[in-house]
Amino acid sequence: MAQHVDFDFTSEAFFRDPQAGVAQLRAVGPAVFTRFPIIGRVWITTTYEAAARVLKDSATFTLRKEGGALVGLPWWMPRVIGTVANNMLTMDEPDHTRLRDIVDEAFRRRAVLDMEPHIRAIADHLAEELFAAGSPADLVQRYARMLPLAVICELLGLPPADRPKFIAWANSLAHLTNAFSFLRLIGGLFKMRRYLQERLQVAREEGGEGLIAELVRVEKEGGRITPDEMVAMMFLLLNAGSETTTHLISGSVFELLKDPARREWLAADWSRTGLAVEEFLRFVSPVQFSKPRYVRHDVDLEGVKLKKGDRVMTMLVAANLDPQANEHPERLDLERRPNRHLSFGTGIHFCLGHQLARIEASCALQALFTRWPGLKLAVEPSQIHWRRRPGIRMIAALPAVAGD
């Protein structure tokens, strides 16, 4: 039996400085056997190569067991979780490609890159209104959460009046720390599922703009997608399309507020933002882990023996902090080239929204620091805390003042 390593993946110390925890785990081996909140006993990769192999070898490491059951879904999960979790992120081939092709087609029709000026305009407006309700302002709630949510709601074609619902749902997801909090979420998930079913029905009857209407058109053109899969797709796009970018933006802003010299370097030439965002993706690593995979047959993973039926999760933050992939990974280097990170994953499940996330982060930083060049933290950096949500690195609140 594999040596079991005890590690607290939701400790303040780990979120504040993932480097130390990652180094401790990597010293044990390229894959370690541990217990992960909600998931249970599982192998965790600690190197870039091990993570890339698990993500790319989708025949050996699958998201479903032989009978089609989802690997990361414990027996006690209510059925509503299974319904909304039944999306392309949790599918193996051929279902993954079937669903991915449908949403790829809908995304292509929306031309994400053409949205940049509009995303910047939304960011400018949010930056302008930052202190409208007083100072200090929480940059997480008033800015980092609002921008991706506004963009994904527009992209999906959801009414602006409904946004407060999504903010409430997003905040409830942020409190997901263990099995008990998971069960408290169920009521909200039922409401969210019902809401998305209603929006899909409106699009079927009345058409409209946005990805929901595009998906309905694809469905009508004979695209092979069930009504439940449509709801799961909406749920995925709404959550993956806003939650992770929220924490990329807040984590990036936090790093720049801690170091005025870096901020001044960036503001001196905003064309460097693309390079900086790549480094923030690597260094902040808002998504720390992939979904659990099922090992289909005995396999040697970088010298570690995994058995058929074992479960494995790729630790993306460990891959991003691997010195074999990036020199001096502990340094935040906004000019880093090349930059080898797995923040968007790799292989067939490479993040569909990577362009959108990069554009949103870039627009968020430019708009915020152009409008408020003297922006400062309202508290010491040591007073900033992270939510104890396993697998996601999310700052709880980021109070700031306008400064000089």
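Treat the numbers as computed from the prediction; the structure is a model and nothing was measured.

Visitor: Talk me through the packing of helix α8 (residues 146-156) against helix α13 (residues 227-240); I want residue IDs and the actual numbers.
Guide: Interaxial distance between α8 and α13 falls to 9 Å at its minimum, and their mutual angle equals 150°. Judged by the inter-axis angle, α8 sits roughly antiparallel to α13. Together, Ile152, Cys153 and Leu156 of α8 and Met234, Leu237 and Leu238 of α13 make up the contact between the two elements. A breakdown of the residues in the contact of α8 with α13 according to their chemical character gives 6 nonpolar, no polar and no charged.

Visitor: So, the pattern of salt bridges: which residues are in play, and what are the values?
Guide: Counted according to the given criterion, the structure contains 19 salt bridges. We note a salt bridge from Arg120 to Asp124, for which the minimum N-O separation is 3.0 Å. With Arg120 and Asp124 both in helix α6 (residues 116-128) and 4 residues apart, the pair spans about one turn of that helix. Across the pair Glu278 and Arg358 runs a salt bridge, and its minimum N-O distance is 2.5 Å. Note that Glu278 is positioned in helix α16 (residues 273-284) and Arg358 in helix α18 (residues 354-371), a separation of 80 residues in sequence. Counted as one network, the salt bridges with shared partners bring together Asp95, Arg98 and Glu229.

Visitor: Run through α8, naming residues and quoting values.
Guide: A large share of α8 lies buried, amounting to 9 of its 11 residues. Every buried residue of α8 is accounted for by Leu147, Pro148, Leu149, Ala150, Val151, Ile152, Cys153, Leu155 and Leu156. Downstream of α8 by one or two residues, Gly157 has phi in the positive range, about 90°.

Visitor: Break down the sheet that holds strand β1 (residues 4-5) for me, citing the residues and quoting the values.
Guide: Within the open sheet, the 6 strands sit side by side as β1-β2-β3-β9-β6-β4. Their pairing is mixed. Strands at the two margins of the open sheet, each flanked by one partner only, are β1 and β4 (61-62). Alignment of β1 against strand β2 (residues 31-36), held across 2 bridges, turns out to be parallel. Counterpart to His4 in the pairing with β2 is Phe33.

Visitor: For the sheet that holds strand β11 (residues 399-401), give the residues involved together with the corresponding values.
Guide: Pairing is antiparallel across the open sheet formed by 3 strands, whose spatial order is β5-β11-β10. Of all the strands in the sheet, just β5 (137-138) and β10 (376-377) have a single pairing partner and so form its edges.

Visitor: Got a sec to walk through unusual backbone geometry? Specific residues and values, please.
Guide: Here Glu93 and Pro94 are connected by a cis peptide whose omega angle stands at 5°. Relative to the helices and strands, Pro94 is located in the loop between α4 (79-85) and α5 (95-110). Here the amide bond leading from Ser135 into Pro136 is cis, since omega sits at 0°, within 30 degrees of zero. Within the element layout of this structure, Pro136 appears in the loop between α6 and β5. You will see that Glu302, though not glycine, has its phi angle at about 50°, which is positive. When you line up the elements, Glu302 lands in the loop between β7 (299-301) and β8 (304-306).

About the cut-offs
Residues numbered from 1 in each chain as written. Predicted model: local features only at pLDDT ≥ 70, side-chain atom pairs only at ≥ 80, totals over all residues. Heavy atoms only, no water. Axes fitted to C-alpha atoms, helices over the stretch in contact; angles between N-to-C directions. Helix = DSSP H or I, 4+ residues; strand = E, 2+ residues; numbered from the N terminus. Parallel < 35°, antiparallel > 145°, perpendicular 65-115°, else oblique. Contact = heavy atoms within 4.5 Å. Nonpolar A, V, L, I, M, F, W, Y, C, P; charged D, E, K, R; others polar. Salt bridge = Lys/Arg side-chain N within 4 Å of Asp/Glu carboxyl O. Buried < 20%, exposed > 50% of the residue type's maximum accessible area, 1.4 Å probe, protein only. Pairing = 2+ DSSP bridges.

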